[in-house]
Amino acid sequence: MSSIDLTGKVAVVTGSGRGLGLAYAQALAAAGASVVVNDIDEAVAEAAVKSITEAGGKAVAEVVAVGTSEAADRLVGRAVEEFGRLDVLVTNAGILRDKVLWKMSDDDFDAVIGTHLKGTFTCARAAAIRMREQGEGGSLILVGSPAGQRGNFGQTNYSAAKAGIVGFARTWAMELGRANITVNAIVPVAATAMTETIPFFAPYVEALREGKPFPEFLRKGEGFGTPEDCAALIPFLASEAARGVTGQAIGIGGDKVALWSHPQEIKTAYANGGWTPEALADVWPTSLGAEPQTVGVPAPKIPEA
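All of these numbers come straight from a predicted model, not from anything done at the bench.

Cut-off values and rules
- Residues numbered from 1 in each chain as written.
- Predicted model: local features only at pLDDT ≥ 70, side-chain atom pairs only at ≥ 80, totals over all residues.
- Heavy atoms only, no water.
- Pairing = 2+ DSSP bridges.
- Helix = DSSP H or I, 4+ residues; strand = E, 2+ residues; numbered from the N terminus.
- Axes fitted to C-alpha atoms, helices over the stretch in contact; angles between N-to-C directions.
- Contact = heavy atoms within 4.5 Å.
- Phe/Tyr/Trp six-rings, centres within 6.5 Å; stacked < 30°, edge-to-face > 60°.
- Buried < 20%, exposed > 50% of the residue type's maximum accessible area, 1.4 Å probe, protein only.
- Salt bridge = Lys/Arg side-chain N within 4 Å of Asp/Glu carboxyl O.
- Expected span 1.5 Å × (residues − 1).
- Parallel < 35°, antiparallel > 145°, perpendicular 65-115°, else oblique.
- Left-handed = near helix turned anticlockwise from the far one by under 90°.
- Core = buried A, V, L, I, M, F, W, Y, C linked by side-chain atoms within 4.5 Å.

**Quick notes on the sheet that holds strand β7 (residues 249-253)**
- Spatial strand order, β3-β2-β1-β4-β5-β6-β7-β8: eight strands in an open sheet with mixed pairing. With one partner strand each, in any of the chains shown, β3 (58-63) and β8 (256-259) form the two edges of the open sheet. Along the sheet, successive strands turn relative to each other by an average axial angle of 20°, direction set aside.
- Two elements, strand β4 (residues 88-91) and strand β5 (residues 138-143), share four bridges in a ladder whose sense is parallel. Counterpart to V88 in the pairing with β5 is S139.
- Across the sheet, helix α1 (residues 19-30) is in contact with β1 (10-13), β2 (34-39), β4, β5 and β6 (181-188); its angle to β1 comes to roughly 175°.
- Lying on the sheet, helix α4 (residues 106-134) is in contact with β4, β5 and β6; it crosses β4 at an angle near 175°.

Here's what the structure looks like:
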């Protein structure tokens, strides 16, 4: 079995004070990387650093809200100042402002887009500049969501941002390939403060706090588990073992890992000389529209007793 060793590598993980981000930072440190932990709460960030250093890892905290170019420069600068370089960026920072379309304000929209989408862009740009200057390659690991792949009710802003992040991964994989910088999007599913707001998952998340494990139908069928279950993907993608993996969207959660498809044409029809509205109306029910694509994350299915 291949050994994942990130000794000598330096990583920045945005939004890593708790939840999935903390699990990612801890996994990178356990594999030998030095980590810049990021959060907007200083106490939370320092507690995360302590959890890593007490386990024998190396970490420092940079307290800043992700989104602006200045914040991105601070994160990359801190990595270089403390550890001399930057090899891995994980763009995990995010917030939620859920509302249906007709109730969502400009501020609700801008806040989520600013943190998730612009924050990913500014941090990735700063990291790419540094990695290209170093000339030794690197890894950009962008955090997506099932909501970005399939949509989710009440999450106009979040779904759009997460879909855009996967678009970033495909584009940047092409742009940064010659510099030996891999770019991938991950699509994690785990028990976090975000998923606890989903009624179906809430009782299982509460049971987990009481020490009860998730049932197998959740871990395997739904690919739903703990943040730590998602963390293994990060050191792998940051390692030499994944040097040929780029431009991909990879799901992970519970006992399940999956490769998401890229959008592609699934059915076509042709009309000599081009289409009229009437011709489209005639052909749609029996051709292109015969099996329409579904929207939304499929509802979990509880096994019959």
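Next comes the rest of the account.
**A closer look at the packing of aromatic side chains**
- Applying the stated rule across the entire model yields three aromatic pairs.
- Ring geometry for F168 versus W172: centroids 4.4 Å apart, planes at 15°, classification stacked. Remark: W172 and F168 occur in helix α6 (residues 156-175); sequence separation between them is four residues, near one turn of the helix.
- Residue W172 is classed as buried on the basis of its relative accessible area of 12%.

**A word on the pattern of salt bridges**
- Scanning the model with the defined rule gives 13 salt bridges in all.
- The partner of E54 in a salt bridge is K50, with the nearest N and O atoms 3.8 Å apart.
- Note on E54: relative accessible area 61%, which makes it exposed.
- Residue classification places K50 among the partly exposed positions, given a relative accessible area of 49%.
- Bridged by salt links that share partners, the residues E62, R74, R78 and E82 form one connected network.

**Points about the environment of V10**
- Tracing the sequence through the fold places V10 in strand β1.
- On a C-alpha basis, the gap between V10 and P277 in space is 57 Å, while along the polypeptide they are 267 residues apart.
- Excluding residues within four positions of it along the chain, V10 makes contact with S34, A79, F83, R85, L86, D87 and V88.

**With respect to helix α3 (residues 69-83)**
- End to end, α3 covers 21 Å across 15 residues, agreeing with the expected 21 Å (1.5 Å per residue, within 8%).
- As for α3, its buried residues are in contact with β1, β2, β3 and α4.
- Following α3 by one or two positions, G84 has its phi on the positive side, about 90°.

**A short note on the packing of α3 against α4**
- Their axes nearest at 8 Å, the elements α3 and α4 cross at an angle of 40°. By the criterion of interaxial angle, the relationship of α3 to α4 is oblique. The handedness of the crossing between α3 and α4 comes out as right-handed. On α4, the residues that touch S69, A72, D73, L75, V76 and V80 of α3 are T122, C123, R125, A126, A127 and R130.

**Details of the pairing of β7**
- Most of β7 is tucked away, with five of its five residues classed as buried.
- Where burial is concerned, the two faces of β7 agree: the one with A249, G251 and G253 and the one with I250 and I252 are both buried.
- Where β6 lies against β7, four bridges are found, and the strand directions are parallel. In the sheet register, V187 faces β7, and the bridge partner there is G251.
- What sits between the antiparallel neighbours β7 and β8 is a turn of two residues, in which G254 has the positive phi angle 60°.

**Thoughts on the nonpolar core**
- Within the largest apolar cluster, 36 residues are counted, with the highest numbers of intra-cluster contacts made by Y24, L28, V35, V37, V90, I141 and I186.
- Per-element accounting of this core gives the leading share, eight residues, to α1.
- Not counting the four nearest positions on each side in its chain, V90 is found in contact with V12, V13, T14, Y24, L28, I141, V143 and I234.
- Counting residues in hydrophobic clusters, the runner-up holds 33 residues, among them A127, L142, I181 and A249.

This is a description of form; function is not addressed.
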